[in-house]
Number of protein chains: 2
Amino acid sequence: MPEFFNVLAPDAAFDALKPMLAMSVGVDVVATADALGRVTAEDIVSPEDLPAFARSTMDGYSVRSRDTFGASEGLPAYLDLVGEVPMGEAAHARLGIGQAAKAYTGGMLAQDADAVVQVERTQMLDDTAIEALRAVAPGENVVQVGEDVRKGDIILLKGSVIRPQDIGGILALGITGVAVSRKPRVGIISTGDELVPPGAAVGAGRIRDINTYTISALTAEAGGIAMPLALVADEFEAQRNAALKGLAACDILVFSAGSSVSSRDLTADVINSLGEPGVIVHGISIKPGKPTVIGLADDKPIFGLPGNPVSAMVVFDLLVRPAIYYLAGCKRIPAPPTTRAALRRDIPSVAGREDFIPVRLRQSDDGASVAEPVFGKSNLIYTLVRSDGIVKVPMDRSGLYAGELVDVRLY
Amino acid sequence: MPEFFNVLAPDAAFDALKPMLAMSVGVDVVATADALGRVTAEDIVSPEDLPAFARSTMDGYSVRSRDTFGASEGLPAYLDLVGEVPMGEAAHARLGIGQAAKAYTGGMLAQDADAVVQVERTQMLDDTAIEALRAVAPGENVVQVGEDVRKGDIILLKGSVIRPQDIGGILALGITGVAVSRKPRVGIISTGDELVPPGAAVGAGRIRDINTYTISALTAEAGGIAMPLALVADEFEAQRNAALKGLAACDILVFSAGSSVSSRDLTADVINSLGEPGVIVHGISIKPGKPTVIGLADDKPIFGLPGNPVSAMVVFDLLVRPAIYYLAGCKRIPAPPTTRAALRRDIPSVAGREDFIPVRLRQSDDGASVAEPVFGKSNLIYTLVRSDGIVKVPMDRSGLYAGELVDVRLY
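Residues numbered from 1 in each chain as written. Chains lettered and ligands numbered in written order. Predicted model: local features only at pLDDT ≥ 70, side-chain atom pairs only at ≥ 80, totals over all residues. Heavy atoms only, no water.

With that out of the way, let us pick up the sheet that holds strand β13 (residues 185-191) of chain A. Residue and element names in this part refer to chain A. Strand order in this open sheet of six strands is β16-β13-β17-β21-β20-β18, and the pairing throughout is mixed. Of all strands in the sheet, those bounded by a partner on one side alone are β16 (225-232) and β18 (278-282). The mean inter-strand angle of the sheet, taken between neighbouring strand axes irrespective of direction, is 20 degrees. Where β13 and β16 come together, seven bridges link them in parallel fashion. Each bridged residue has a counterpart across the sheet, and for Ile 188 the counterpart in β16 is Pro 228. Helix α3 (residues 211-221) contacts β13, β16, β17 (252-256) and β21 (300-305) of the sheet and is inclined by roughly 165 degrees relative to β13. (Pairing = 2+ DSSP bridges. Helix = DSSP H or I, 4+ residues; strand = E, 2+ residues; numbered from the N terminus. Axes fitted to C-alpha atoms, helices over the stretch in contact; angles between N-to-C directions. Contact = heavy atoms within 4.5 Å.)

What follows covers unusual backbone geometry. Generally, phi is negative for residues other than glycine and the peptide bonds are trans, each holding for most cases. All names here are of chain A. In this structure, Pro 51 follows Leu 50 across a cis peptide bond, with omega equal to -10 degrees. Looking at the element boundaries, Pro 51 is found in the loop between β2 (44-45) and β3 (55-56). Residue Pro 277 is bonded to the preceding Glu 276 through a cis peptide linkage, with omega at -10 degrees. Within the element layout of this structure, Pro 277 appears in the loop between α5 (261-272) and β18.

Bringing the domain arrangement of chain A into the picture now. Interfaces are often sized by the accessible area lost when the parts come together. Each domain of chain A was delimited in the assignment, giving domain 1 (10-26 + 183-327), domain 2 (28-50 + 149-181), domain 3 (55-143) and domain 4 (338-410). On a C-alpha basis, the centres of domain 3 of chain A and domain 4 of chain A stand 60 Å from each other. (Domains from an automatic or database assignment.)

Least-squares fitting of chain B to chain A yields an RMSD of 0.1 Å, with the transformation described by 0.1 Å of translation along the axis and a rotation of 180 degrees. Both copies are brought into coincidence by an operation consistent with a two-fold rotation axis. Rotation axis and chain B: the residue whose C-alpha lies nearest the axis is Pro 337 of chain B, separated from it by 2.8 Å. With an isologous cut-off of 70% or more, the 100% of interface residues of chain B that recur at the interface of chain A puts this contact in the isologous class. (Least-squares fit on C-alpha atoms with pLDDT ≥ 70 in both.)

Further remarks concern helix α6 (residues 309-327) of chain B. In an α-helix, one turn spans 3.6 residues; hence positions three or four apart end up facing the same way. All names here are of chain B. Between its first and last C-alpha, α6 extends 25 Å over 19 residues, near the 27 Å set by a 1.5 Å rise per residue. A maximum bend of about 50 degrees is found in α6 at Phe 316. Across the 19 residues of α6, 19 count as buried, placing the element largely inside the fold. Its side-chain oxygen 3.2 Å from the backbone nitrogen of Val 310, Asn 308 forms the N-cap of α6. Phi turns positive one or two residues past the end of α6, at Gly 329, with a value near 85 degrees. (Expected span 1.5 Å × (residues − 1). Bend = angle between axes of the 7 residues up to and from the residue. Buried < 20%, exposed > 50% of the residue type's maximum accessible area, 1.4 Å probe, protein only. Polar contact = N/O pair within 3.5 Å; in protein donor to acceptor, adjacent residues only side chain to side chain.)

As structure tokens, this is what we get:
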């Protein structure tokens, strides 16, 4: 009885689905200040030049640069002081030949000034005159109009994940609202005759459902909205009904399968019953996580995640996380956080599949980062609680060696 | 006129403050399912063994292992089938000598069974008998009671940042609520005569306040609650009043200083007026970000961040981010996300200070990650918008070389 058909390489798994997915799940308009982590739904174009006026980058004196040419400590340029341009005010002072006006960092230059002499490079003679102790070139110590951004520039491409500095950049142009993708809704159905909700009494032979909650948290981290839908027994009709409701309300459907083989097979049957094309991938060449199911119905992706915690996290990263970003219109999926560390022990594996091993990170005596494999059973959640991340053994390797530098996916 | 006194090395800056800080800002009790990213306020101890019963890790037959000793393909062990233990049910079947009961992955073993023979290693003879084609050792294919966690084990230490798998681990034990630190409140005061709110009309010589919003977003990323307090001119009384209100309502106070030197000096004067000890550090040996002020009043940390965007982000990472985690009771501050890349160009610097240079990341033709320095002025926000992260030139280096592998702090 062959359990799996159409087993795909992990790299190919999400790609198999991608062409069938919608480009986006729709648009929200939100306050720019609240847009952290959201994905831009259109190119954002600058409505103006930034800065809008030439600004001094120093405290000092705005000058006509040619009046300082040749100036030095030994032969300073004498300049008449004709006032100042206070911070936050328009320049009323206008410079004639041989004149200067006090300037502040970030402030406007006097009219007809084209450079600023730093205060440390000047000598105050009296209230009406200074000496410039060195020459400045045109534009020196000045941020020019439009030097940061020009009117009409695309400042953020459609599909960008908005970061703190992007919020600053957008607001600097006076754009107080932005069109972003709606957050994809991820419906989660936990299946298995053995499961009870975490707050309920646990009868003999039963365990608490936890995958609903780890998957919800992973969904939130990826910018989706988790919608825990149901905890259902291994019963075709009950699962199908939960799934149909989920498909109507969500953009992505995730099954967390029960641990037995029959429970996993049932997930595939349910997915096939939801619409065309149904199951498109059944099995991925990874360990743990092989019995993963990928399907599609109503143009919505459906994932059957193996029930054990390590598999669920690995497969979430491989499939659900990219799907959330993709449906949010972000086509260049951000890399999850990683760090580099030296393996403390050999990790045996088998060529032809990717292996994922939880690791704990330690600092060695010389300060280097060391990854200690945690060889727990993948059906033990505390294997992950006691780990800092997961190391992948690539497809073409039959193991990794102690001392090797590896990328650790941090969780 | 020496602008700075007590200039500290960046490593020492937060450490100078730490002994004066409160250990925590108080406790919330939240639903475990909603605790992602929160910091545990006490050790969490397991109230029970996990799993609570011995579970099969395979679909197959639970057996008394000694009944299989010596079994092989050539000489199988004959076993009478006495029933099954359905998923999610207590074991009613009890094994006598030479008996077996059907077992499911994750299900309970029959009474008096101590191992499981995988279904693939058996042959069904008829409805009442099977042959085991290999021997199993005691405990084989079984997760023992308490193998994941034992009753009384500390499962998460006080001060841990709760991750998706931790939520799963806590809920697996039926703990549906957890004590976590209250999120530290970070009050933000933006100062400068030149600033207007992002939505307001921008008069000549004025610019929009953006640091309030980038600092708010960085605060949220670090697990704090941002409280934008005020946008105030460079006026001692106005700033002092805003700060006093902020101190009453917040756990941390952040000034984003105006860009001129006098504006920065004013911040220090205001901090000194708020209470003892006032300013404790004035200036850090970094570029950009040197004119940073660290103070303390009412036992609350106060930071004066330079107004330019690159400085504000660098100094936030150095001081405000650790302070948020520290006051949330997390003493081992999580490392921010980084990646390794090869520098594309030399970065010149000066020994004796740390330099921070924004970089853009690219993939080279051979797939390696390359960091291209973005040598924009640090007062241009788009220097950061166009960057993927920031590279540090360490204190003891006078620059970094093209081709060198560096850690990029991702933003």
